[in-house]
Structure formats: C-alpha cells, structure tokens
Amino acid sequence: LRKQVSDPKIQKRIHRSVGKIYKDEMLNNIVDAKETIRVRRTNQKPKDVKAGTLRRSVKVWLIDKQKSTYWVGPRVGRKVREDSDAWFANIVEGDDQFIKGNNRNKGVFGRSIANKRGEALEKMRKKYEFQIRKAAKPKGKKK
C-alpha cells in the first residue's frame, strides 16, 4: 500500500494516527505507582521516579525523518523531559525489579500491542484505500 501512496506526508499522517491506537491502549493498561520510587545505587546519582512517569513517557514518534516509520512506547534519553524519562521501562516490562509486591505493569506494552494489532492494521488499510481512491479520481471538472 505504501507504494500506491507515494506522498510521504500522507504516509506519515496515516502511520501517526495508527500509532495513536497503540498509545491509547498502553495508557489505558498502565497502572500508576502509589508513591515515589526511590532508586539508590552506589557510585551513581540518586533517582526518584514519581508516580505517573511511565504513563507520561508513552509517545508516538517518527524514528527516521527520511521515512514514514513511527515508534510507539516509552521514550528514553536526552530528548525527553526528566519527569517523562522511562529509563526503567524494560525493568517494568520484563518484571526484572526488586520492589516488594507484585508488578501490575508487567508485560503492559506487549499486551497492548497484541490487543490492538488487528484494529490498527484495519485502520491503516482503510486509510490507505481511501487515499488510493482519492488519488484515482480524475482531477478537474467534467463538461
């Protein structure tokens, strides 16, 4: 379908809207922590992870400006505000943490993707078909 719609702006618009389906599902499935989590390690600056940080970190972003491919999930690194940096997301997703109690967010990203895959593919197909039909219409007025 991408070959049929060659305009990269239209492709980006379609892919971003489909990514929003996944983002919304992830936000619905994330359960915020009840309190600030304090991370203390030797030889490293102490970190406090405020409640809601994982939820704030979930974004839809373009991964390569030359293409129309978007990524959905927790943002990490220098392009993210400090209160939205999900450097710990892989720990949460894989349940590799040493916090007392159960991890309510274990597998949240994988579950969200699996839950919405069919809906997202269907929306993408419909949007591409619409753009193809729109491009196939003759331009100008008929006399």
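Up top is the structure.
Residues numbered from 1 in each chain as written. Predicted model: local features only at pLDDT ≥ 70, side-chain atom pairs only at ≥ 80, totals over all residues. Heavy atoms only, no water.

Peer 1: Before we move on, can you summarise the packing of aromatic side chains with the specific residues and values?
Peer 2: The tally for this structure, following the rule as stated, stands at 0 aromatic pairs. Over the ring of W61 we find R75, and its NZ or CZ is 4.2 Å from the ring centre. (Phe/Tyr/Trp six-rings, centres within 6.5 Å; stacked < 30°, edge-to-face > 60°. Lys NZ or Arg CZ within 6 Å of the ring centre and 35° of its normal.)

Peer 1: Pulling in residues and values, what's your account of the environment of R56?
Peer 2: As for its position among the elements, R56 is in helix α2 (residues 53-57). You can call R56 partly exposed: its relative accessible area is 27%. As a C-alpha pair, R56 and A86 span 30 residues in sequence and 8.6 Å in three-dimensional space. Excluding residues that lie within four positions of it along the chain, R56 makes contacts with K50, A51, R81, D83 and S84. At 3.4 Å, the side chain of R56 and the backbone oxygen of A51 are in polar contact. (Helix = DSSP H or I, 4+ residues; strand = E, 2+ residues; numbered from the N terminus. Buried < 20%, exposed > 50% of the residue type's maximum accessible area, 1.4 Å probe, protein only. Contact = heavy atoms within 4.5 Å. Polar contact = N/O pair within 3.5 Å; in protein donor to acceptor, adjacent residues only side chain to side chain.)

Peer 1: I'd love a proper account of the nonpolar core, names of residues and values included.
Peer 2: Among the nonpolar cores identified, the biggest contains 19 residues, and I30, L54 and F109 are the most heavily contacted of them. Among the elements of the structure, α1 (8-29), β3 (58-62), β4 (70-74), α3 (89-94) and α4 (108-136) are those that each provide at least two residues to this core. With 4 residues, the top contributor of residues to this core is α1. Setting aside chain neighbours within four positions, we find I30 in contact with L54, R55, V58, N105, V108 and F109. (Core = buried A, V, L, I, M, F, W, Y, C linked by side-chain atoms within 4.5 Å.)

Peer 1: I'd love a proper account of α1, names of residues and values included.
Peer 2: Relative to the 32 Å expected for 22 residues at 1.5 Å per residue, α1 spans 32 Å between its end C-alpha atoms, a close match to the ideal helical length. Among the residues of α1, I10, Q11, I14, H15, S17, V18, G19, I21, Y22, E25 and M26 are the ones counted as buried. Tucked into the core, α1 has its buried residues touching β3, β4 and α4. (Expected span 1.5 Å × (residues − 1).)

Peer 1: Pulling in residues and values, what's your account of unusual backbone geometry?
Peer 2: The phi angle at N43 is positive, at roughly 65°, despite the residue not being glycine. Considering the arrangement of structural elements, one finds N43 in the loop between β1 (37-39) and β2 (47-49). On the basis of relative accessible area, N43 is assigned to the exposed category, the value being 82%.

Peer 1: Now, about the pattern of salt bridges: what can you tell me, with residues and values included?
Peer 2: Per the stated rule, a full pass over the model turns up 7 salt bridges. Ionic pairing is found between K20 and D24, a salt bridge with its closest N-O pair at 3.0 Å. Here K20 pairs with D24, and both are found in helix α1, just 4 residues apart, close to one helical turn. Through salt bridges with shared partners, a single network forms among E25, K116 and E119. (Salt bridge = Lys/Arg side-chain N within 4 Å of Asp/Glu carboxyl O.)

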